[in-house]
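Structural features, examined
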Amino acid sequence: MFFDESGLSLLPHVRHTYAPRGRTRTLRHRLSWKRASMAAAPGYHAADAERGPRRCFRLKPGTYDTATLIEVLEQVRTF
């Protein structure tokens, strides 16, 4: 198995916009600044080929700390 933790933003990506020269355009959206974290463990059961590839993941608002990553690893072990 491989284990990885990653964070992501739930805001849309804004790249370019058009506005009259000298007037900066402001784009607004109704979302608040929120972040989510995901811990995932993809793996392959080599001893039993019929099980095939599997993945286990967990989404969490905010960020992970050591205690919550240990909980995820315990869930992966039972998975």
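Our subject is the structure listed above.
Quick look at the structure, then. (Residues numbered from 1 in each chain as written. Predicted model: local features only at pLDDT ≥ 70, side-chain atom pairs only at ≥ 80, totals over all residues. Heavy atoms only, no water.)

**Remarks on helix α1 (residues 66-78)**
Taking 1.5 Å as the rise per residue, α1 with 13 residues should run 18 Å; its terminal C-alpha atoms sit 19 Å apart, in good agreement. Every buried residue of α1 is accounted for by T68, V72 and V76. What you see down the axis of α1 is that its buried residues fit within an arc of 90°, all on one side. The outward face of α1, more than 90 degrees from its buried face, is lined by the exposed residues T66, R77 and T78. (Helix = DSSP H or I, 4+ residues; strand = E, 2+ residues; numbered from the N terminus. Expected span 1.5 Å × (residues − 1). Buried < 20%, exposed > 50% of the residue type's maximum accessible area, 1.4 Å probe, protein only. Arc of directions from axis to C-beta.)

**Let's talk about the nonpolar core**
Among the nonpolar cores identified, the biggest contains 6 residues, and these are A39, A41, C56, Y64, V72 and V76. For this core, the elements supplying multiple residues, two or more each, are β2 (35-44) and α1. Contact partners of V72, with chain neighbours within four places excluded, come to F3, A39, R58 and Y64. (Core = buried A, V, L, I, M, F, W, Y, C linked by side-chain atoms within 4.5 Å. Contact = heavy atoms within 4.5 Å.)

**Some remarks on the pattern of salt bridges**
A complete count under the given rule lists 1 salt bridge for this structure. Where R58 meets E71, a salt bridge forms, and the shortest distance between an N and an O atom there is 3.8 Å. Of this pair, R58 sits in strand β3 (residues 53-61) while E71 sits in helix α1; the two residues are 13 residues apart in sequence, bridging distant segments of the chain. (Salt bridge = Lys/Arg side-chain N within 4 Å of Asp/Glu carboxyl O.)

**Details of the side chain of S37**
Turning to its location among the elements, S37 is positioned in strand β2. Separated by 2.7 Å, the side chain of S37 and the backbone oxygen of G62 make a polar contact. Ignoring sequence-local partners within four residues, the contact set of S37 consists of E5, S6, G7, R58, L59, K60, G62, T63 and Y64. (Polar contact = N/O pair within 3.5 Å; in protein donor to acceptor, adjacent residues only side chain to side chain.)

**Things to note about the sheet that holds strand β1 (residues 4-9)**
Taken in spatial order, the 3 strands of this open sheet run β1-β2-β3, and their pairing is antiparallel. The strands lining the two open edges of the sheet, one partner per strand, are β1 and β3. Averaged over all pairs of adjacent strands, the angle between strand axes in this sheet comes to 25°, irrespective of strand direction. Docked against the sheet, α1 engages β1, β2 and β3, running at close to 155° with respect to β3. (Pairing = 2+ DSSP bridges. Axes fitted to C-alpha atoms, helices over the stretch in contact; angles between N-to-C directions.)

**Here we look at the layout of surface pockets**
Vacant regions in the atomic arrangement are exposed by a probe of water-molecule size rolled over the atoms. If you add up the space inside the largest pocket, you get close to 160 Å³. Lining the largest pocket are 10 residues, and of these M1, G43, Y44, H45 and R54 lie nearest its centre. Its residues placed into classes, the lining of the largest pocket shows 4 nonpolar, 3 polar and 3 charged. (1 Å grid on protein atoms, 1.4 Å probe; cavity = no way out; pocket = protein on both sides within 12 Å on 5 of 7 lines; lining within 4 Å. Points joined across faces, edges and corners; volume = space filled by probe spheres on them. Nonpolar A, V, L, I, M, F, W, Y, C, P; charged D, E, K, R; others polar.)

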